[in-house]
Amino acid sequence: MTKAIHVKNCATNPSNFNSIISIARQFFSAVAGLESEPEGVRKLFGSPIGVLQDKDLLKKAPNGELLVLYLIDNGAMDADASLYNQLLKKCTEWKRLKEGRVVHEHFLRSRFSHYTVPNNTLINMYAKCESMGDARKVFDEMPERDMVSWTALITGYSQNEGAKEGLVLFTEMLRFGFMPNQFTFGSVLKAAGALESGGTGRQLHGGCVKCGYEENVYVGSALVDMYARCGLMDEGKIVFDKLSCKNEVSWNGLIAGHARKGEGEIALKLFCEMKRGGFQPTHFTFSSVYAACANIGALEPGKWVHVHMIKSGLELIAFIGNTLLDMYAKSGSIDDARKVFDRLLKKDVVSWNSMLTAYAQHGLGKETVECFEEMCRIGPEPNEVTFLCALTACSHAGLLDNGMHYFELMKKFKIEPIISHYVTIVDLLGRSGQLDRAEKFINEMPIEPTAAVWKALLGACRMHKNLELGVYAAEHVFELDPHDSGPHILLSNIYASAGRRSDAARVRKLMNQSGVKKEPACSWVEIENAVHMFVANDDAHPQREEIRNMWENITDKIKEIGYVPDTSHVLWFMDHQEREERLQYHSERLALAFALLNSPHGSPIRIKKNIRVCGDCHTAFKFVSKVVDREIILRDTNRFHHFRNGSCSCGDYW
DNA sequence: CTAGGGTTAG
C-alpha cells in the first residue's frame, strides 16, 4: 500500500510526467521488447519516480503490479479502448488474474465498456487464468458478441476441462448463425478428442471440409490429434497424408497417438520418417517416442533415439528426462535410468516419482528407501503418487515395516489416502504373509473396498496357499468385477494346489460360461533391433524345431542340477505327462530358447511378457541362468526379474 | 481479440 501512496504523490505532481497514460504506454512498448521485466522497469522509471528508485522494491515488484499501481490511481486514469486491450493482453500473457480484475473493473466504469474487442480479450484473459466462471459472465453480459467472442469462450472451455460445455456452445453458436473459423475448429476438435468422441469428431471433420479448413495446418493437426485420441489412427493418417503443409505438431499428433495405443514400433518408424522429412523433433516428440519405447521395452531403439536427442542439443529438462528415465527403467536398464535422474537439470516431483517407480519395478529395496528419504530432505514435496510409488516399491522389495511407516507418514504431509493406497497396503501385508492383518485392514478401511482391494488379497492367498480366505476374497471380486478373468484363474489355481480338482473345474467352467476371456499369453524378445513375438505352444515359427531341441537340451541340463517341474500351474485335467509337455512351451520359454539360439554368447537376454510369469517358468529360468551363465531379464506386467547365477532379484517374491 | 502436440501410479 505504501507503494500506491508514493505513486499517487507522483501522479498528482504533473511536473514529473506528461500523463500516467503515456507512461503506461511507454511501459508496455518498452517492456515487450526487453529481456527481463525488472530491467525494463528500471530503464523506464529509473529516475523520476521516488518509489521506483528503490531498487529492492523494484526487484520485488513485477511489471503487472507496478502497472496496477498506476491504474488504481483513480483520477489519473483515462485510457482509451486500445490501452485497456493492451493492459488486458499483458495480464493474460503474465497470467495475472488479480491485476486483470482491477483493469476489468476500471474498464467497466469507462465509456468503452460495451466495445466488443476488449470484451473478447477479457474472455480470453479469464480463460487463460483458468477462471471460466468470469469468462462466461463477461460473455453473457456483453451487449454485442461476434464470432471471436464465441470462439474465445469455446476455446476457454476446451482448454479447461470443459469439453462438453465447449461443444454445446458450438452448436449454439451455429444456431445463432455465426460461421466458425479455423480457430473455432481447432478448439472444438480438441474438445471432441478429450471426450474421445469419434462420432462428434467425424461430424466436425465434415464441417472443416465444408468450410475449407481441412488442410489448414492448425485444423489438420487438430484433426489428426482428435482421431488419435479417439483411437481412430487410420482416419488420422488419411488427414495427415492430405496435409500439403505439415509441421512438427502434425507429426507429434500422429506419433503420440501410436505411442498412447502401445504401438511402439509404428511410433518409432514415424519418428524416423519425420527426421527424414527434415522436421526437427521437439520435446513433445521425444517425450512420446520414449514413452512408446518404454511401452514395448525397446532398449536399443530407445538408446538410439536418445543419441539423436543429444546430437540435436535439446536440454535434459524434466519433461523429456522423466520419460527417458522411465524408458530405461521399463526396458530393464536401471543403471541408465539412475544416470538420467542424476543428470536432470531440474528434478520435479514426477522425476522423483519415476525414479521410485523404477526401483519398485526392479524390486530394489535399499535404493527405494534412500531415494524416498533423500526426496523428503532435499526434493519437492511428495504428492499422493509419490506415496503410491514408494508403497509399491516397499511391497515389491518385501519392506513391510518401511511401507507401513510411509503409509502413516502420509498424515504428516496432509495427504488423504485414496483407494489405490489401500490396495497397495493390502498387497504389502499380503505378500509378507500377514493375511489376517490384511483382512483386518480391509475391514477397517474408512472407504468402501473395491474389486482391486479384494484382488490384492486374493493374489496373496494364491501366493501363500490360503484356500479359505482366498475363496472369501474371490467372492467379493466376482461380485464387484465379474468380467475380469484374473480372479477366476487365481481361485482355480488355489483350488488346484489344494488338490480340490472338482472345485477348480467348477470355477473354470463358470468362467467360460460367463464369457470371461483369458488374455492369451505372449512374450517378446529383442535380438539385434528386431522384436520377436511368441505365443504358448507356437507351432508356426520357422525355427520351431531348433527351438524345441534347444529347450529339451536345456531341460535335461537343469534337471541334472535339481529342477523339478511344478505342474500345478497348468490345467489340472490333462494327464501328468501332457501337463509337463504343455509347460515346456510357455511363451517365455520359447522366447528364451530363441534368444539362446540367436544372440551372442554372454550378452544379457531381455524378455517381456504380457501377463505375470508362472511359478514354474520362474524356477526354470533361475536354473537356466546358472547353466548357460547368462543374465536373463524378464519383464512381466508387474515388475522385472533379473535372473543371475541361479537366483532371481525378486527373491521369489512377486 | 480467438487455434493444434508431451511425463510418473494401478
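Definitions and cut-offs
Residues numbered from 1 in each chain as written. Chains lettered and ligands numbered in written order. Predicted model: local features only at pLDDT ≥ 70, side-chain atom pairs only at ≥ 80, totals over all residues. Heavy atoms only, no water. Helix = DSSP H or I, 4+ residues; strand = E, 2+ residues; numbered from the N terminus. Buried < 20%, exposed > 50% of the residue type's maximum accessible area, 1.4 Å probe, protein only. Areas by Shrake-Rupley, 256 points an atom, 1.4 Å probe, with all protein chains shown as cover. Pairing = 2+ DSSP bridges. UniProt positions renumbered as here; feature names shortened; annotations may be inferred. Contact = heavy atoms within 4.5 Å. Salt bridge = Lys/Arg side-chain N within 4 Å of Asp/Glu carboxyl O. Near = heavy atom within 4 Å. Polar contact = N/O pair within 3.5 Å; in protein donor to acceptor, adjacent residues only side chain to side chain. Nonpolar A, V, L, I, M, F, W, Y, C, P; charged D, E, K, R; others polar. Phe/Tyr/Trp six-rings, centres within 6.5 Å; stacked < 30°, edge-to-face > 60°. Lys NZ or Arg CZ within 6 Å of the ring centre and 35° of its normal. Core = buried A, V, L, I, M, F, W, Y, C linked by side-chain atoms within 4.5 Å. Domains from an automatic or database assignment. Right-handed = clockwise from strand over helix to strand, strands pointing away.

Novice: Teacher, can you tell me more about the overall build of chain A here?
Specialist: A tally of helices and strands in chain A yields 36 helices and six strands. The burial tally for chain A puts 50% of its 654 residues in the buried class. Of the roughly 31,200 Å² of accessible surface on chain A, 52% is carried by carbon and sulfur atoms.

Novice: What am I meant to see in the sheet that holds strand E2 (residues 530–535) here?
Specialist: Two pairing modes exist for strands in a sheet, parallel and antiparallel, and in both the strands are linked by backbone hydrogen bonds. Spatially, the six strands line up as an open sheet ordered E2-E1-E3-E4-E5-E6, and their pairing is mixed. Edge strands, defined here as strands with exactly one partner in the open sheet, are E2 and strand E6 (647–648). Direction of pairing for strand E1 (residues 522–527) relative to strand E3 (residues 605–609): antiparallel, over a ladder of three bridges. Each residue of the ladder has a partner; that of Trp 524, found in E3, is Lys 608.

Novice: Quick question: what am I supposed to make of the UniProt feature "repeat: PPR" (unreviewed entry) in chain A here?
Specialist: When the UniProt feature table is mapped to this numbering, "repeat: PPR" (unreviewed entry) covers residues 146–180, 247–281, 348–382 and 383–417. With 77% helix and 0% strand, residues 383–417 has its two end C-alpha atoms placed 11 Å apart.

Novice: I'm lost on the side chain of Lys 622 in this one. Help?
Specialist: Looking at the secondary structure, you find Lys 622 in helix H36 (residues 615–627). If we skip the residues at most four places from it in the chain, Lys 622 touches Phe 643, Gly 646, Ser 647, Cys 648 and Asp 652.

Novice: Looking at this structure, how should I read the environment of Glu 374?
Specialist: Here Glu 374 is to be found in helix H24 (residues 365–378). For the pair formed by Glu 374 and Trp 352, sequence separation is 22 residues and the distance between their alpha carbons is 9.7 Å. In contact with Glu 374, not counting residues within four places along its chain, are Arg 338, Trp 352 and Gly 379.

Novice: Quick question: what am I supposed to make of the pattern of salt bridges here?
Specialist: Side chains carrying opposite charge are able to pair once their charged atoms draw close together. Enumeration over the complete set of coordinates arrives at 21 salt bridges. Across the pair Lys 609 and Glu 588 runs a salt bridge whose closest N-O atoms are separated by 3.0 Å. On the criterion of sequence distance, the pair formed by Lys 609 in strand E3 and Glu 588 in helix H35 (residues 587–598) is long-range, its members being 21 residues apart. For Lys 609, a relative accessible area of 4% puts it in the buried group. We note a salt bridge from Asp 616 to Arg 589, for which the minimum N-O separation is 2.6 Å. Of this pair, Asp 616 sits in helix H36 while Arg 589 sits in helix H35, and the two are 27 residues apart along the sequence. Each member of the pair, Asp 616 together with Arg 589, is buried.

Novice: Explain the protein's contact with DNA strand B to me, please; I cannot follow it from the model alone.
Specialist: Around DNA strand B, a shell composed of 46 residues is seen, among which Lys 89, Asn 120, Arg 229, Asn 252 and Thr 392 lie nearest. A share of 40% is what sugar and phosphate atoms reach among the atoms of DNA strand B within 4 Å of the protein. Between a phosphate oxygen of DNA strand B and a side-chain N or O atom of Lys 190, the distance comes to 3.3 Å. Contacts to DNA strand B include Thr 392, whose side-chain N or O atom sits 3.2 Å from a phosphate oxygen. When grouped by side-chain class, the residues that make up the surface near DNA strand B number 13 nonpolar, 25 polar and eight charged.

Novice: How do you make sense of the packing of aromatic side chains when you look at a structure like this?
Specialist: The relation between two aromatic rings is expressed through the spacing of the ring centres and the mutual angle of the planes. Per the counting criterion, the structure on display carries 24 aromatic pairs. Taking the centre distance of 6.0 Å and the plane angle of 50 degrees together, the rings of Trp 251 and Phe 279 count as tilted. One end of the pair, Trp 251, is in helix H17 (residues 248–260); the other, Phe 279, is in the loop between helix H18 (264–276) and helix H19 (283–296), and 28 residues separate them in sequence. Lying over the aromatic face of Phe 240, Lys 246 brings its terminal NZ or CZ to 4.6 Å of the ring centre. Here the basic side chain of Lys 608 rests over the ring of Trp 524, its NZ or CZ set 4.4 Å away from the ring centre.

Novice: How do you make sense of the environment of Ile 633 when you look at a structure like this?
Specialist: For Ile 633, the location among the structural elements is in strand E4 (residues 632–635). Contact partners of Ile 633, with chain neighbours within four places excluded, come to Gly 332, Pro 604, Ile 605, Arg 606, Ile 607, Phe 640, His 641 and His 642.

Novice: Would you mind going over the nonpolar core with me for this structure?
Specialist: A general feature of soluble globular proteins is that nonpolar side chains tend to end up buried together. Tyr 406 and Leu 457 are the most contacted members of the largest nonpolar core, which has 130 residues in total. When residues are assigned to domains, this core turns out to be shared by domain 1 (350–414) and domain 2 (417–513), each giving three or more. Every residue in contact with Leu 457, bar those within four places of it in the chain, is listed here: Val 426, Leu 435, Ala 438, Glu 439, Ile 442, Leu 469 and Ala 473.

Novice: Which parts of the structure should I look at to understand the pairing of E3?
Specialist: Here E3 lies mainly inside the structure; four of its five residues are buried. Pairing between E3 and E4: four bridges, direction parallel. Note on E4: the bridge partner recorded for Ile 607 is Leu 634. Where the polypeptide runs from E3 across H36 and back to E4, its parallel neighbour, the crossover connection is right-handed.

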